[in-house]
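A closer look at the structure
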Amino acid sequence: MLKLDNVTKTYRVGALGGKAVTAVDRVSFDVRAGEVVSLIGESGSGKSTIGRMILGLTPVTGGSITVAGAPVRPGRDYYRSVQGVFQDPFSCYNPVFKADRVFRLIKETYHPGVPEDEWAARVRAAVRDVRLNPGEVLGKYPHQLSGGQLQRMLIARALLLDLKLLVADEITSMLDASTRVDVLNLLADLKARGLAVLYVTHDLALGTYLAERTVVLWRGTVVERGPTEQVFGDPLHPYTRRLLAAVPRLHAPWEDAPEVRSCLYHDTGAVGGLAEATPGHFVACARLSDCQGDVS
Ligand SMILES: Nc1ncnc2c1ncn2[C@@H]1O[C@H](COP(=O)(O)OP(=O)(O)OP(=O)(O)O)[C@@H](O)[C@H]1O
């Protein structure tokens, strides 16, 4: 459903855009229909930039992104099947309008011909699908609803479209533990309906919860990707191991990488990109910044 092929993003920064920052560097992975893939990495690793490129909010610098075989083409038709939900639900609502205005905008843009009573029934069904009570949430202003309720209403809004791909960017990070589980279960429901979900997070525990496959991003490059149980159960790259072992320790800088005893990438003679350890489980060079998989 979603395919990224060697995607690179360079931002121009500094005076008159004279300096280039490579936020995403030759990233390739895919997400199939009915699958959740989690994209994991620390702050600044390029996760949101990837999400924004998929949603057509910022152009790619190199490589290609396709959804159902077609390139990203921001516009009404594209957003009918591709939607994003972001970390801060409050920013998606205008505080002076009732929160369910987000549903009205969908009707006006995508379903203008649907009679009002039928539309109201569809909205109520979508709201129930995200485990909210229409009587409790409809007709209220954003400040009268919780973050979790607003987040779920955004997902309900996406359900009113002919959605094929959802980019969920840190959607649970502002929610309390019980609401978080609700929203994750909701994503599992979407998966069961055949949606492709890219679940962007810096939280490994949440990443494992429902993703079939995991992509680990480090400074804009993929260092490991594969079936979630393999990436978490048998992490091959030192960065993945470090993420898994990242419990705060006083006086020990987090940056301390574990000693690299061997590097599958070099051992297998792989060149440029990732070495395949077991079917579908790929890993980059273990020498982190020394090499970044560019050796020959
Ligand atoms: N509009 C921009 N202009 C210049 N640099 C940017 C821009 N947006 C992001 N960057 C840089 O690109 C890199 C990746 O940022 P990005 O927001 O994609 O990371 P992230 O993994 O989503 O981080 P976080 O989890 O903190 O949101 C960072 O170095 C960031 O400073």
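Residues numbered from 1 in each chain as written. Predicted model: local features only at pLDDT ≥ 70, side-chain atom pairs only at ≥ 80, totals over all residues.

**Re the site of the ligand**
The line we're drawing: Think of it this way: take the backbone, place a C-beta atom on it, and check whether that atom is within 6 Å of the molecule or strand, in which case the residue is near it. What counts as a helix is a DSSP run of H or I of at least four residues, what counts as a strand is a run of E of at least two, and both are numbered from the N terminus. Only Asp, Glu, Lys and Arg are considered charged in this grouping, and only Ala, Val, Leu, Ile, Met, Phe, Trp, Tyr, Cys and Pro are considered nonpolar; every other residue, Gly among them, is considered polar.
Near the ligand you find 13 residues, and of these Tyr11, Ala23, Ser43, Ser48 and Thr49 are the closest. It is helix α1 (residues 47-54) that provides the largest number of residues to the shell around the ligand, a total of three residues. A breakdown of the residues in the shell around the ligand according to their chemical character gives four nonpolar, eight polar and one charged.

**Considerations on the nonpolar core**
Definition in use: Structurally, a nonpolar core is described as a collection of buried Ala, Val, Leu, Ile, Met, Phe, Trp, Tyr and Cys residues joined by way of C-beta atoms within 7 Å. The exposure scheme places C-beta atoms from the backbone and then counts, for each residue, the other C-beta atoms within 10 Å of its own, assigning buried at 20 or more, exposed at 12 or fewer, and partly exposed in between. Where each domain starts and ends follows an automatic or database-derived domain assignment.
In this structure, Leu166, Ala168, Val197, Leu198 and Val216 are the most contacted members of the largest nonpolar core, which totals 78 residues. Sort the elements by how many residues they give to this core and helix α6 (residues 147-159) lands first, with seven residues. A domain split of this core shows at least three residues from each of domain 1 (2-233) and domain 2 (234-296).

**Description of the environment of Lys19**
Quick note on the threshold: In this description, a residue-residue contact is defined by the distance between C-beta atoms placed from the backbone, which must lie within 7 Å.
You can see Lys19 is positioned in strand β2 (residues 19-31). Residue classification places Lys19 among the exposed positions, given that 10 C-beta atoms sit within 10 Å. Between the C-alpha atoms of Lys19 and Val60, which are 41 residues apart in sequence, the distance is 17 Å. Those residues within four positions of Lys19 in sequence are excluded, and the remaining contacts are Val13 and Gly14.

**Points about unusual backbone geometry**
At Ala68, a residue that is not glycine, the phi angle is positive and equals roughly 50°. Mapped onto the secondary structure, Ala68 falls in the loop between β4 (62-67) and β5 (70-71). Positive phi is not limited to glycine here, since Arg219 has a value of about 45°. Its location among the elements puts Arg219 in the loop between β9 (213-218) and β10 (221-227). Classification of Arg219 as partly exposed rests on a count of 18 C-beta atoms within 10 Å.

**Things to note about the domain arrangement of the chain**
By the assigned domains, the chain splits into domain 1 (2-233) and domain 2 (234-296). Opposite the 14 residues of domain 1 that make contact, domain 2 presents 16 residues. Those elements that place two or more of their residues in the side of domain 1 that touches domain 2 are β9, β10 and α9 (228-233). In terms of residues, the side of domain 1 that touches domain 2 owes the most to one element, β10, which gives seven residues. Class assignment for the residues of the side of domain 1 that touches domain 2 results in eight nonpolar, four polar and two charged.

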